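Breakdown of the fold
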2 protein chains.
Amino acid sequence: MPKLTLWTAIRDAIAADIAQGAYHSGEKLPREADLAQRFGVNRHTLRRALHDLVAQGTLTSRRGAGFFVAAQPTRYEIGQAPQFTRDIQQSGRFAEKRADRIEVRQATALEASLLNGAQNVVVFEGTGLIDGVPVSWFSSKFDADRFPDLAQLFSEKPSVSRAWKELGITVHRSRTDINACNADSLMAQRLAVPAGRALLKTIAVDADENGQPVEYGESWFVGDRLTLSLSS
Amino acid sequence: MPKLTLWTAIRDAIAADIAQGAYHSGEKLPREADLAQRFGVNRHTLRRALHDLVAQGTLTSRRGAGFFVAAQPTRYEIGQAPQFTRDIQQSGRFAEKRADRIEVRQATALEASLLNGAQNVVVFEGTGLIDGVPVSWFSSKFDADRFPDLAQLFSEKPSVSRAWKELGITVHRSRTDINACNADSLMAQRLAVPAGRALLKTIAVDADENGQPVEYGESWFVGDRLTLSLSS
DNA sequence: ACCTATTTGTACGTATGTATT
DNA sequence: CAATACATACGTACAAATAGG
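For clarity, every value in this text was computed on a predicted model and none was experimentally measured.

For chain A, the count of helices and strands is 8 helices and 9 strands. Here the contacts in chain A between residues at least 6 apart in sequence split such that 57% fall between residues at least 24 apart. Counting only carbon and sulfur atoms, one obtains 49% of the accessible surface of chain A, whose full area is about 11700 Å².

Dropping the structure here:
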């Protein structure tokens, strides 16, 4: 196993130590100085390796305290929460949502083209939580002229599905695009994860029974806190 | 506005430049020395900012060449019949699969349970490339006793859909689970991305016309090189 | 509640290696 | 082959957060 650089070799050595149980979950690693001495490298070379393991999610660090083996991610078993996963498929609709912003503004060109030429949009942004832990952040847009009461409905209760029910509209998923991205600093703060953590991003367009698009939403999910499940 | 450190401020400034179109997709950024001078910081402080943008997927770097704005992702339609190569090529790009491993071995408990009690499995692992760039790595398992010719077919041509055609089997997606994870060092090497990069992971079970599971596959997609697209 | 030693984080400096142009 | 530009590696200094007395 020829490692091209010192720091990658050190990174893999530490990762192997953790995998073999030399350090347990949550345990503090030796301090930088000791690790650097053990591997016979400069402190910054060692830090390069540690930084990479933090980016991978293997470690976490606390300034002044030390480096710690990251806690085991709580993974949702496949098929164990069918209602939850089904809701997620439909563009991030949770029973528990916290509204972070509700406003009406002029539509951008992109929003207008996706929402059948809407001139103004209702913007509904918020956080999805499970047991108080943020698992998603969403930003949805609706035609403000066609649905003038939406902003009021959202402020009463942060539920999109309830709002559609109130309005007597039935919606279905029209298209959903999915990819993965690393959390930037803003999204990391919203989701309470370190920057760089893998996120599942969905861009969804929902339509009414006539096929008219009624919602355009973007959602970011913490990758290791849930799984999207598609059945056919 | 959290600008706690120099390097985060520089990172956000460069990210804002890119978002506002100062640099286009694929375009080369000014070299480190010039950027460092512009921001009035040491080269390493600038590199810290650039490194973070590379980790986020905003930039890519090539030693000796420069830093470049990352390309836009390719879309991949998830239809009923999974056909990676044909689907991608319909979007005007050259897609291919490279076989990295073909073997027959005893099934694990998980594989047996998912493949209807199979005792032995054909393991087919490889890399999916678009325009020569790796975008996915896959590991698929099949019932080796029910399909004894699969290994030979894969070694002739690394195409799952072609193999099913040869065998006269029609398959459809039974279930697909999707989540996001950060690349560990092994997967990073396979996909030619830096460790920590966000990956889209799918776990799929495909079935034949009788609903019998015939393939159990895991795939890892480079998040910023591919978008999964669901239509209904 | 306060101080202090410890430990990680940031920033700059210098040199050399390596791939690209 | 030479010049350019990114990558690695060692070094010094100080700032900021933590932990312990």
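We now examine the nonpolar core. Inside soluble globular proteins, nonpolar side chains tend to come together where they are buried. All names here are of chain B. Membership of the largest hydrophobic core comes to 16 residues, with the highest contact counts inside it found for Ile 14, Leu 29, Leu 46, Leu 50 and Leu 59. Looking at this core, the elements that each hand over two or more residues are helix H1 (6-19), helix H2 (32-39), helix H3 (43-56) and strand S2 (66-69). With 5 residues, H3 is the single largest residue contributor to this core. Apart from residues lying up to four places away in sequence, Leu 29 is in contact with Ile 14, Tyr 23, Leu 35, Leu 50, Leu 59, Phe 67 and Val 69.

Quick look at the packing of H1 of chain B against H3 of chain B now. For any two helices packed against each other, one specifies the inter-axial angle together with the distance between the axes. Residue and element names in this part refer to chain B. For the pair H1 and H3, interaxial distance at closest approach is 8 Å and the crossing angle is 55°. Between H1 and H3, the interaxial angle falls into the category oblique. The way H1 lies across H3 gives a crossing that is right-handed. Facing Leu 6, Trp 7, Ile 10, Arg 11, Ile 14 and Ala 15 of H1, the residues of H3 in contact are Thr 45, Leu 46, Arg 48, Ala 49, Leu 50, Asp 52, Leu 53 and Gln 56. Here the residues of the contact of H1 with H3 sort into 9 nonpolar, 2 polar and 3 charged.

Scoring rules and cut-offs
- Residues numbered from 1 in each chain as written.
- Chains lettered and ligands numbered in written order.
- Predicted model: local features only at pLDDT ≥ 70, side-chain atom pairs only at ≥ 80, totals over all residues.
- Heavy atoms only, no water.
- Helix = DSSP H or I, 4+ residues; strand = E, 2+ residues; numbered from the N terminus.
- Contact = heavy atoms within 4.5 Å.
- Areas by Shrake-Rupley, 256 points an atom, 1.4 Å probe, with all protein chains shown as cover.
- Core = buried A, V, L, I, M, F, W, Y, C linked by side-chain atoms within 4.5 Å.
- Buried < 20%, exposed > 50% of the residue type's maximum accessible area, 1.4 Å probe, protein only.
- Axes fitted to C-alpha atoms, helices over the stretch in contact; angles between N-to-C directions.
- Parallel < 35°, antiparallel > 145°, perpendicular 65-115°, else oblique.
- Left-handed = near helix turned anticlockwise from the far one by under 90°.
- Nonpolar A, V, L, I, M, F, W, Y, C, P; charged D, E, K, R; others polar.

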